[in-house]
Structure formats: structure tokens, C-alpha cells
Amino acid sequence: MNDTGILILGGGASGLAAAIEGARRGADVTVLEKLDRVGKKILATGNGRCNLLNRNASPADYNDPSFVGRVFAQYDVRSDLDFFRSIGLLTTADSEGRVYPRSNAASSVLDVLRLECQRLGVRIVCGETAVSIRRENGMFVVGTHRARAVIVACGGKASPVHGTDGNGYRLLEAFGHSCTRLYPALVQLRTDTDFVKGLKGLRAAAALTLRAPDGKTHSSCGEVLFTDYGLSGIAAMELSRFAADGGTLFIDFLPDMDGAQTRDFLREAKARGGSRPLEQLLLGAVHSRIGQAIARDTLQRKLTAPCDTLTDGELHALAKALKAFPLTVRGTKGFADAQVTAGGMDVTAFSDTLESKRVPGLFACGEILNIDGKCGGYNLTFAWSSGRLAGRSAAQYLQK
Ligand SMILES: Cc1cc2nc3c(=O)[nH]c(=O)nc-3n(C[C@H](O)[C@H](O)[C@H](O)COP(=O)(O)OP(=O)(O)OC[C@H]3O[C@@H](n4cnc5c(N)ncnc54)[C@H](O)[C@@H]3O)c2cc1C
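Given the structure is predicted, the values throughout are model-derived calculations rather than measurements.

About the cut-offs
- Residues numbered from 1 in each chain as written.
- Predicted model: local features only at pLDDT ≥ 70, side-chain atom pairs only at ≥ 80, totals over all residues.
- Heavy atoms only, no water.
- Near = heavy atom within 4 Å.
- Polar contact = N/O pair within 3.5 Å; in protein donor to acceptor, adjacent residues only side chain to side chain.
- Helix = DSSP H or I, 4+ residues; strand = E, 2+ residues; numbered from the N terminus.
- Nonpolar A, V, L, I, M, F, W, Y, C, P; charged D, E, K, R; others polar.
- Pairing = 2+ DSSP bridges.
- Core = buried A, V, L, I, M, F, W, Y, C linked by side-chain atoms within 4.5 Å.
- Buried < 20%, exposed > 50% of the residue type's maximum accessible area, 1.4 Å probe, protein only.
- Contact = heavy atoms within 4.5 Å.

J.: Is there a simple way to explain the site of the ligand in this structure?
T.: Looking at the ligand, there are 34 residues lining it, with S14, E33, K41, N167 and E367 nearest. Within the side chain of N167, an N or O atom sits 2.6 Å from a nitrogen atom of the ligand. Contacts to the ligand include L380, whose backbone N or O atom sits 2.7 Å from an oxygen atom. Counting residues per element, the ones that place at least two in the shell around the ligand are α1 (13-24), β2 (29-33), α2 (40-44) and α12 (378-398). In the shell around the ligand, the residues fall into 12 nonpolar, 17 polar and 5 charged.

J.: Would you take a moment to explain the sheet that holds strand β3 (residues 53-54) for this structure?
T.: As a general point, the strands of a sheet are linked pairwise by backbone hydrogen bonds and lie either parallel or antiparallel. Strand order in the open sheet formed by 3 strands is β3-β5-β4, with antiparallel pairing between adjacent strands. At either margin of the open sheet sits one strand with a lone partner, and together these are β3 and β4 (91-93). As paired elements, β4 and strand β5 (residues 98-101) share 3 bridges and run antiparallel to each other. Counted as the bridge partner of T92 is Y100 from β5.

J.: Would you mind going over unusual backbone geometry with me for this structure?
T.: Most peptide bonds take the trans form, and the phi angle of most residues other than glycine is negative. Of note, the phi angle at C50 is positive, near 60°, even though the residue is not glycine. Secondary-structure assignment places C50 in the loop between α2 and β3.

J.: Is there a simple way to explain the nonpolar core in this structure?
T.: Note on soluble globular proteins: their nonpolar side chains tend to be buried together. Residues L9, L369 and W384 are the most contacted members of the largest nonpolar core, which totals 82 residues. Broken down by element, this core gets its largest block of residues, 11 residues, from α12. Leaving out residues up to four positions away in the same chain, L369 has contacts with F67, G343, G344, M345, V347, F350, L354, A364 and F382. Counting 44 residues, the second largest nonpolar core, distinct from the first, contains L199, L208, L278 and A305.

So, to be careful, I would describe these as geometric facts and stop short of saying anything about function.
Here it is, written out as C-alpha cells:
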């Protein structure tokens, strides 16, 4: 048996942060990682740049503001910035508060975490999957490892190529913890393809409203990227947690103008267009190909006809299409492509120290919990904050 003080299951973002906080408090820490090296997902984040934090992160940016508020009351984004500075990472932030390593390389983030673990004497065991946690004489046993405290930091179900296939939930369920329904989040939307296919590769700044099958509506705004299967881009991905069961999406291509302003613009465009073809009507409003696709879909007639043939009814229909173009959503690209899992272990069964209310000495942090946030550094912010909290709490548990 390999004895250790704190055994951390999962060497991802939250697990490595937990290891450092635990070891800084003098605990003997071992990290068990199923892949051949720790932090593989960190390397893939932010398109290889790692958007590691968001300076503006607040509890309201997450699905459960009350629980996240209790975590951030102990470790918020400011203290995470200090934490990274303390392990030697210089960072830079953009106008939206998104924080990146100054090197612009995700590998810098992983390197400083790994080096700090090494400096503190954290044992890292790779290529070993935790398949069960047993209780034996007041200790936790995982394979050949025995520990007084265990932190489950196995992540969620999103992006299984990075080691997260949802197997971690079972480790906690075995102790009577429950898991909510899981949805892929921050993932591309699959839609009817008639409209989007021809627009593949084009981007638009738009506001989106999703009417989900349960009748609830959800909104986002920002960049939309057309693909041959549907929509990508931040605005589309932010709605994906509500789109697993499909729904209807309305695209507002002119979010800065109201309906009346849009109709006025179209009247002016018609007058200006005169005998020029209808396919040129929306040229100054949206990308020419997007404008043609909207006009073709809405008018259902030849766009070679002159602009001044546009009837009042058609003008109103075009204005409506520009403000709320409907697209049927068929679901999302799923967990394989998702950045995050929405849903997870029920957080009401964990105290403010992230210790299980059912099993003393058992802690959980990161994405395995039923917490997910917006796109832009929010999910890693929660991973670091909750990981650091679990590491500190487990070290304090050992001192009891
Ligand atoms: C492509 C991509 C890009 C992203 N970009 C960003 C971004 O720029 N900014 C942002 O804030 N968020 C981003 N995210 C989300 C963010 O990476 C995660 O929310 C975060 O890593 C979750 O941290 P975690 O510690 O809970 O889990 P993870 O970082 O997923 O780590 C879990 C670890 O546990 C290991 N593991 C799983 N099961 C076991 C087991 N049974 N035994 C041992 N080890 C196990 C896994 O191999 C993995 O290494 C991105 C995600 C993806 C997939």
C-alpha cells in the first residue's frame, strides 16, 4: 500500500490547484491521473492560449450563483490571480476581462502548476485510473493507494479525449451522492442546414434567442459562425446548455436597431435600389451572402427582379427575418465536442468547505460538481477556486 495524506483523483485544473494548496499547508499529497500526463485539457484550452480566468467573474455568471458565491467568498478571481503570480505566471487581460498567460501559450500555465507541485513534493502518478474508493479502518483505499482524505477532481463528461468520460461520477455515487441530468455545454448547435450550409465560414455579430421545447426562452449575443451542420461561435455555444433537446432559434442580425428602424432602413434601401436587383438590397446591412440568403428564403422569388418591385408585405417580412430569422435546432454536437458539462454532482450534499456531508474526509471540486459558467475563462476560474478550496479544506481535515 502507498500511504499518503491527501489523495487527489484527477490531475486536471482543479486537481493540480488542490494539490498545491494542500501541500503548501504541509500535507503529504498524491495526485492520481488516468492519462499519461497531467493537465492535457489545460493545453487545449483557449485554442492553445488558455483563457485561464475572467477578471469579472462573479457568482451570477454561473448556473448556481448561491453555491459559487460561497466558494468565491473564500477564493475569488483576485485571489486566483495572486495564486498564479505566486507560482510565477505573468498574465494579460483583454477588454472583456479574459485573462491569458503573457506567453500566449497554455503550456506556460501547465508548466508553472507542475513545477510548483514538484517544488512542494507532490507525488504525481500518471496512467492510473481510480475505479473505486473504499473505506477501510477510517482510511480511503483507491487501488494500491491509502489516504486519510480524498479529493475527487475527475472533471465531467465533456471532451473525453482529454480523460473526462464521466467515470468520476460513479466514484461519488457509490457513497450515496446523486448526479443531475448531464448536458453538453459550450458546444456547437446542430440546426436545419438549408439556410446555414451556403454560409459556411461566415461570421456575424448577432443576438440569439432560443425557444426550448419546454417553452422557456434563453438569449445571448456576440459572434455567430455559420457551419455546414449549424452554428458555432460564442453566442451559439452559450445557448447550447439549453439546446440538447432542440428548439427554435431566432437570429437577430441587427441587434442595435428595433423593428421600426429596420423597416425605415429597408424603405430607404428600396428607394435607393430602384431598378437594381433585389439581391443587392441588404448589401449595406449584413454580409452580402447572408443578405442574399435571407432575401431568397423570405421572398421566395428571383432576386434578379428590381428592388422597386418589393411590396409592403415583402418589406415587412424582410424586416422580420432580419430581426428574428427562425432556425430549427436539432440538438448539439454532443459531449465529444463540448468544452463543458452542464449538470453534475448535486452540490447541496457538499458543505462550504467542499467536504461531503455524507462522508467526512471526502471532497470534490471542479467540473464534476453541478456548476458551469459562461464562455470566457469562467469555467477554469471555478476549477482553480474550488480546487484550491478543496485542497485547503482537506489539509485542515488532516489536522483535526
Ligand atoms: C477544448 C476545450 C477548451 C476549453 N477552453 C477553456 C478556456 O479557454 N477557458 C475556460 O475557462 N475553460 C475552458 N474549458 C473548460 C475547462 O477546461 C474545464 O472546465 C476545466 O478543465 C475543468 O477542470 P477540472 O479539474 O474539473 O477537470 P479537468 O481539467 O477535465 O481534469 C480532470 C482530470 O481527471 C482525470 N480523470 C478522470 N477520471 C479519472 C479517474 N477515474 N482516475 C484518475 N484520473 C481521472 C482526467 O484525465 C483529467 O486529467 C475548455 C474545455 C475544452 C475541452
